[in-house]
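A structural walkthrough
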Amino acid sequence: MADRFAAAADALSKMDSDSSSLTTPILDVLPVTGASISTLGDFLGSETVAASDTLAARIDEMQFDLGEGPCWDALRSGSPVLAPDLGRVKRWPAFSEAISSQRVGSLFAFPLIIGPLRIGALDLYAVQPMELGSENAKRSEVFASIVSRHVLRRALGGSEGIEPDDLVPNSRRIIHQATGFVIAQLGVSAEDAHLLIQGQAFSQGRSMREVAQDVIERRLTWELSDNSIEEER
């Protein structure tokens, strides 16, 4: 099973960020019926990026329309939300009533997070009530982390920043230096550090050079806290 998971994670990492099949490697490993990937909130808006089937897409749609459900709680808390027996859950009254007519017994939501940016959720559902289990929950968190990068790259659309001055050589040196700072702070790869700076610039409508300068001058730092990344100012 460990080999299957590693192969699935590797396949997911190598997929195109615009691929509609992002859920396929996930369902090859996890014992659930379906999955969806969505953006949520003001940063990227609410949209289903990928869904394994029409019911998975419908679950997203109901949560978007009602403004409640496990994906919203996962986004707000930055932590997984597990509902192994959806019929017993009382905290989402409108969503619970809406979903009661669908063949969904359990629902699990994992937040999509890049640094301080909470951008969406990975939702998993099963037709029968079931426990996901700690091992599969950990695997789901890894999948969500990989998917987060795909979703943010898709939103950025290949843009390298907000302002034209990001393209000048001096700006590139500043961004490269700031990337090194983020690597040192968080122990992440150079690609993830660059993506974090890029996403921060996108979210604030600023240039990467401006955000990079804040990082270098320590006006903007991040630190790891309980396995998540938090922003400090």
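Note that the structure is predicted; figures quoted are calculated from it, not measured.

Note: most peptide bonds trans; most residues except glycine with negative phi. Despite not being glycine, Arg218 shows a phi value in the positive range, around 60°. Along the chain, the position of Arg218 falls in the loop between helix H9 (208–216) and strand E6 (221–225).

Spatial strand order, E2-E1-E5-E4-E3: five strands in an open sheet with antiparallel pairing. Edge strands, defined here as strands with exactly one partner in the open sheet, are strand E2 (47–51) and strand E3 (81–83). Taken pair by pair, the neighbouring strands of this sheet meet at an average axis angle of 20°, ignoring direction. Note that strand E1 (residues 34–39) and strand E5 (residues 117–126) share six bridges and pair antiparallel. Considered in E5, the bridge of Gly34 is made with Tyr125. The strands touched by helix H3 (residues 54–66) are E1, E2, strand E4 (106–114) and E5; relative to E1, the strand with the most contacts, the crossing angle is about 40°.

Time to look at the environment of Ala35. Secondary-structure assignment places Ala35 in strand E1. Put simply, Ala35 and Ala56 are 21 residues apart on the chain and 5.8 Å apart in space, counted from C-alpha to C-alpha. Those residues within four positions of Ala35 in sequence are excluded, and the remaining contacts are Thr23, Leu27, Ala50, Ala51, Ser52, Ala56, Leu122, Asp123, Leu124 and Tyr125.

To continue, consider the pattern of salt bridges. Here the structure, examined in full by the defined rule, presents eleven salt bridges. The shortest N-O distance in the salt bridge between Arg206 and Asp214 comes to 2.9 Å. For Arg206, a relative accessible area of 21% corresponds to the partly exposed category. Of the charged contacts, one joins Arg219 and Glu217 as a salt bridge, the two residues approaching to 2.2 Å between their closest N and O atoms. Relative accessible area serves as the criterion here: at 41%, Arg219 is assigned to the partly exposed category. Looking at Glu217, the relative accessible area reads 42%, which means it is partly exposed.

With that settled, the discussion passes to the pairing of E5. The element E5 is extensively covered by neighbouring structure, given that nine of its ten residues are classed as buried. Looking at chain direction, E4 and E5 are connected through nine bridges and run antiparallel. Paired with Ser106 across the bridge in E5 is Ala126. Counting the residues that bridge the hairpin from E4 to E5 gives two residues, and of these Gly115 lies at a positive phi of roughly 55°.

The geometry of helix H8 (residues 190–204) relative to H9 is characterised by a closest axis approach of 8 Å and an angle of 115° between their N-to-C directions. H9 is crossed by H8, and the crossing has right-handed handedness. Where H8 approaches H9, its residues His194, Ile197, Gln198, Gln200, Ala201 and Gln204 are matched on the opposing element by Met208, Val211 and Ala212.

Here we take up the confidence of the model for the protein. Residue-level pLDDT values for the protein average 85, and 88% of them are 70 or greater. When pLDDT is averaged over each helix and strand of the protein, the minimum, 43, is found for strand E7 (residues 228–232) and the maximum, 97, for E3. Note on residues 158–162: pLDDT under 50 across the span, and 14 contacts to partners over four residues away in sequence or across chains.

About the criteria used
Residues numbered from 1 in each chain as written. Predicted model: local features only at pLDDT ≥ 70, side-chain atom pairs only at ≥ 80, totals over all residues. Heavy atoms only, no water. Helix = DSSP H or I, 4+ residues; strand = E, 2+ residues; numbered from the N terminus. Pairing = 2+ DSSP bridges. Axes fitted to C-alpha atoms, helices over the stretch in contact; angles between N-to-C directions. Contact = heavy atoms within 4.5 Å. Salt bridge = Lys/Arg side-chain N within 4 Å of Asp/Glu carboxyl O. Buried < 20%, exposed > 50% of the residue type's maximum accessible area, 1.4 Å probe, protein only. Left-handed = near helix turned anticlockwise from the far one by under 90°. pLDDT = per-residue confidence, 0-100.

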